[in-house]
Amino acid sequence: MQRFLQIAPGVMVATAYRLTSTSTLVIADDGACLIIDPAVTVADLAALACDIRDAGLQLQAGYATHPHWDHVLWSRGLGDAPRYATAGAVDLFESMRTEMTDMLQQSEPGHDLELFGRLTALPGDGRQIPWTGQSAEVIVHDGHTPGHGAVFLPSAGVLVAGDMLSDIEIPLLDTVADEPLRDYRTGLQRLAAVPGVQWVVPGHGHVGDAAEFRRRLDADSRYLDLLTAGEPFEDPRMTAQWQRDSHAEQLRVVAGQDAGSG
Ligand SMILES: [Zn+2]
């Protein structure tokens, strides 16, 4: 993993070689810290624990943007801070723990399964991550998966988007949902409505500035429009075969929906 780089006051982002995954560390003046989407590999989680310890920080909370295997990992070295997620994310993960564990074992074996996806639902109305540092607002939607919760840090102007708004991945819809397109559009609308975004951090990909945030919103809306039209099309982000496969599947699912409703 590349080392953490500060993108705004108190907000550091590390980008991993594996899956171009990002980890976002939010640091308070008193040394308390919050980790969002910790890391994917055993080595990167260990490095994260070392970074936190070496910097003299106290990890107060973790947060998973959504209940997919690559966002809910942990290591003993990170300690026993609560690991929050939206209530919907917690429920979905528990209902899919077996499948998620299989995916983890196929993609990234070697993790401590005792710690895999041990999530706690956000308290209260579920709109804030409870910690003592800067406000961390949660924006919930079902676009990529039910219970997806992006995080906006208003004082830093940073939107941690989870698996949305990537420069290297097409929009990946929840194809088993009743209305994946509607859910994804709603998700994009909720992110577009966040005021004062200076930086966007995608779950996989590269940090973008305010103009890049708007560009990605447009690119993803355009992708959904083309998907809705139902004709084959290309997107410059589809470089890997798995993305081409996901794209083909999404075209199939959307076409099938149209046939069903017509
Ligand atoms: Zn992911």
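Above this text you will find the structure in question.
A. Here's a closer look at helix α3 (residues 97–107). Within α3, burial applies to Arg 97, Met 100, Thr 101 and Leu 104. With its buried residues spanning 100 degrees around the axis, α3 presents them on a single face. Exposed positions of α3 whose direction lies more than 90 degrees from the buried face are Thr 98 and Gln 106. In the core, the buried residues of α3 are packed alongside α2 (87–95).

B. Main features of the sheet that holds strand β3 (residues 22–27). Strand order in this open sheet of 7 strands is β1-β2-β3-β4-β5-β6-β7, and the pairing throughout is mixed. Of all strands in the sheet, those with a lone pairing partner are β1 (5–8) and β7 (120–121), marking the two edges. Pairing between β1 and strand β2 (residues 11–15): 3 bridges, direction antiparallel. From the neighbouring strand, Leu 5 faces β2, where its bridge partner is Val 13.

C. Highlighting the coordination of the zinc ion. Within the protein, the zinc ion binds to Asp 70 (OD), His 71 (NE2), Asp 163 (OD) and His 204 (NE2); these donor distances fall in the range 2.0 to 2.3 Å. The coordination sphere of the zinc ion comprises 4 donor atoms, whose angles at the metal cover 86 to 163 degrees; the geometry is irregular. Counting the intervening residues between successive donors of the zinc ion yields the motif D-H-x91-D-x40-H. Placement of Asp 163 in the loop between β10 (158–162) and α4 (180–192) and of His 204 in the loop between β11 (199–202) and β12 (208–209) is noted, with a sequence separation of 41 residues between them. We classify Asp 163 as buried; its relative accessible area is 11%. By relative accessible area, His 204 is classed as buried at 4%.

D. Up close: the sheet that holds β10. Pairing is mixed in the open sheet, where 5 strands are placed in the order β8-β9-β10-β11-β12. Strands at the two margins of the open sheet, each flanked by one partner only, are β8 (137–141) and β12. The sheet contact formed by β10 and β11 spans 4 bridges and is parallel. Following the sheet pairing, Gly 162 is matched in β11 by Pro 202. Packed onto the sheet, α4 meets β8, β9 (148–153) and β10 and runs at close to 155 degrees relative to β8.

E. Looking closely at unusual backbone geometry. You will see that Thr 20, though not glycine, has its phi angle at about 45 degrees, which is positive. The phi dihedral of Leu 165 falls on the positive side, at around 55 degrees, and the residue is not glycine. Along the polypeptide, Leu 165 turns up in the loop between β10 and α4. Classification of Leu 165 by relative accessible area gives buried; the value is 1%.

What counts, and where the lines are drawn
- Along each chain, residues carry numbers from 1 onward, in the same order as the chain's sequence is written.
- Two thresholds apply to this predicted model, a pLDDT of at least 70 for residue-level local features and 80 or more for giving and counting side-chain atom pairs, whereas whole-chain, interface and lining totals are computed over all residues.
- Heavy atoms throughout the structure, all of them, feed into the side-chain values; hydrogens and water do not.
- We call a residue buried when its accessible area falls under 20% of the maximum for its residue type, exposed when it is over 50%, and partly exposed in between, using a 1.4 Å probe and counting protein chains only.
- In DSSP terms, a helix is any run of H or I states spanning at least four residues, a strand is any run of E spanning at least two, and both are numbered starting from the N terminus.
- By arc we mean the arc of the directions from the helix axis to the C-beta atoms, nothing more.
- Two residues qualify as a contact provided that any one of their heavy atoms is within 4.5 Å of a heavy atom in the partner residue.
- Any two strands are treated as partners once DSSP identifies two or more bridges connecting them.
- For Na, K and Ca the donor cutoff is 3.2 Å, while for all other metals N, O and S atoms must lie within 2.8 Å; water is not among the atoms, so some sites may look incomplete.
- Between 85 and 135 degrees for all angles marks four donors as tetrahedral; over 155 degrees for opposite donors together with 65 to 115 for all other angles marks four donors as square planar and six as octahedral; every other arrangement is irregular.
- Axis lines are fitted through C-alpha atoms, for helices just across the contact stretch, and the angle between N-to-C directions can take any value from 0 to 180 degrees.

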